[in-house]
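Coordinate inspection notes
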Amino acid sequence: MLYWVFKRALTESSLVTARHGGYGKKASGMSYEPPKPLEWNYCPICGNRLIVAHDGEKDRPHCPGCRRFYYRNPVPAACCFVRRGEDELLFTQRAVEPCRGQWSLPGGFVEVGETTEEAALRELYEETGLRGLQIRLLGLNTKASPISGAILVVAYVVDAFEGELRPDTDAMDAQFFKRHERPPLAFSVHRDLLALYDQIER
Ligand SMILES: [Zn+2]
């Protein structure tokens, strides 16, 4: 019962869940407002306000207490091109903001402790229920991101998989599309990677 109450409180919360600054579920009926971009203002270790100091290259946020510089780096993510037959590719319809309802490639952010391949396969399974059996590197792309500053997306081709399509977590739908039926993709980084896929894999 307690679990149910807790779960209900979570699902009905109007708070955007904290996942890389707002890539989370939101309560229905609210208009989406993207969170402010990440900035280093306070030390996440000791909580002190950061100062600006020179690290030998340039001025950067610095904590005098922890003697530590803070850097803004692209956030690593991974995505999958899951092939079926001659020309079908798997796309997912986003259940979360930003771009809720629009289509994308299955994928997500890489967690500490996993490789980019593991992240790609984990996200594929979480979002679609499919387990990738053969995975190989396609390429990568870096793009500015209003929320993270920049993202670096590593793209993989999944040539073999098992399981049944079962959209879940960040996906409200997952479908294979023939080349001429592909939906427009929400993110330019995915569109560029799709162009790369078509260039290399055709
Ligand atoms: Zn500190």
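Residues numbered from 1 in each chain as written. Predicted model: local features only at pLDDT ≥ 70, side-chain atom pairs only at ≥ 80, totals over all residues. Heavy atoms only, no water.

**Thoughts on the coordination of the zinc ion**
In plain terms, the rule: Only nitrogen, oxygen and sulfur atoms qualify as donors, and only when within 2.8 Å of the metal (3.2 Å in the case of Na, K and Ca); with water excluded, sites may look incomplete. Here the metal geometry follows the donor angles, with tetrahedral for four donors whose angles all fall between 85 and 135 degrees, square planar for four and octahedral for six when opposite donors are more than 155 degrees apart and every other angle is between 65 and 115, and irregular for all the rest. Partly exposed residues are those whose accessible area sits between 20% and 50% of the maximum for their type, while under 20% is buried and over 50% is exposed, using a 1.4 Å probe and protein chains only.
For the zinc ion, every protein donor is listed as Cys 43 (SG), Cys 46 (SG), Cys 63 (SG) and Cys 66 (SG), and the spread of their distances is 2.3 Å. Between the four donor atoms coordinating the zinc ion, the angles at the centre fall across 102 to 115 degrees, so the site counts as tetrahedral. On the basis of relative accessibility, which here comes to 37%, the residue Cys 46 falls in the partly exposed class.

**Brief notes about the sheet that holds strand β1 (residues 51-54)**
The test is simple: Any two strands with at least two DSSP bridges between them are considered paired. Think of it this way: any DSSP run of H or I at least four residues long counts as a helix, any run of E at least two long counts as a strand, and we number them from the N terminus.
On the basis of which strands lie adjacent, the open sheet formed by three strands has the order β1-β2-β3 and antiparallel pairing. At either margin of the open sheet sits one strand with a lone partner, and together these are β1 and β3 (68-69). The sheet contact formed by β1 and strand β2 (residues 59-63) spans four bridges and is antiparallel. In the sheet register, Val 52 faces β2, and the bridge partner there is Pro 61.

**Details of the pattern of salt bridges**
Note the cut-off: In the sections that follow, a salt bridge refers to a side-chain nitrogen of Lys or Arg positioned within 4 Å of a carboxyl oxygen of Asp or Glu.
Throughout the structure, instances matching the rule amount to 15 salt bridges. Close ionic contact of Lys 178 with Glu 88 constitutes a salt bridge, the shortest N to O distance being 4.0 Å. A residue pair is termed long-range when its members are at least 10 positions apart, and Lys 178 in the loop between β10 (171-177) and α3 (188-201) and Glu 88 in strand β5 (residues 88-94) qualify at 90 residues. The exposure class of Glu 88 is buried, given its relative accessible area of 14%. Residues participating in the shared-partner salt-bridge network are Arg 83, Arg 136, Asp 159 and Glu 201.

**Structural notes on the packing of aromatic side chains**
Defined as follows: Only centres within 6.5 Å qualify two rings of Phe, Tyr or Trp (six-membered ring in Trp) as a pair; their planes then separate them into stacked at under 30 degrees, edge-to-face at over 60, and tilted for everything else.
Applying the stated criterion across every chain, the model contains five aromatic pairs. For the ring pair Phe 161 and Phe 176, a centre distance of 5.6 Å and an interplane angle of 20 degrees mean the geometry is stacked. Here Phe 161 is found in strand β9 (residues 149-162), whereas its partner Phe 176 is found in strand β10, with 15 residues between them in sequence. Following the ring pairs from residue to residue traces out a cluster consisting of Phe 91, Trp 103 and Phe 177.

**Description of α3**
The condition that has to hold: Under the convention used throughout, the expected extent of a helix is 1.5 Å for every residue step, that is, one less than its residue count. Pairs of residues are marked as contacts when any of their non-hydrogen atoms sit within 4.5 Å.
The end-to-end C-alpha separation of α3 is 19 Å, in line with the 20 Å expected for 14 residues at 1.5 Å each. For α3, the full list of buried residues reads Val 189, His 190, Leu 193, Leu 194, Tyr 197, Asp 198 and Glu 201. Elements that come into contact with the buried residues of α3 comprise β4 (75-84), β5, β6 (103-104), β8 (131-145) and β9.

**Things to note about helix α2 (residues 116-128)**
This is how it is decided: By definition, the arc is the one covered by directions from the helix axis to the C-beta atoms.
For α2, with 13 residues, the first-to-last C-alpha span of 18 Å sits near the 18 Å given by 1.5 Å per residue. Taken residue by residue, α2 has Ala 119, Ala 120, Glu 123, Leu 124, Glu 127 and Thr 128 as its buried positions. Viewed end-on, α2 has its buried residues packed into an arc of 130 degrees, placing them on one side of the element. Positive backbone phi, at 80 degrees, marks Gly 129, one or two positions downstream of α2.

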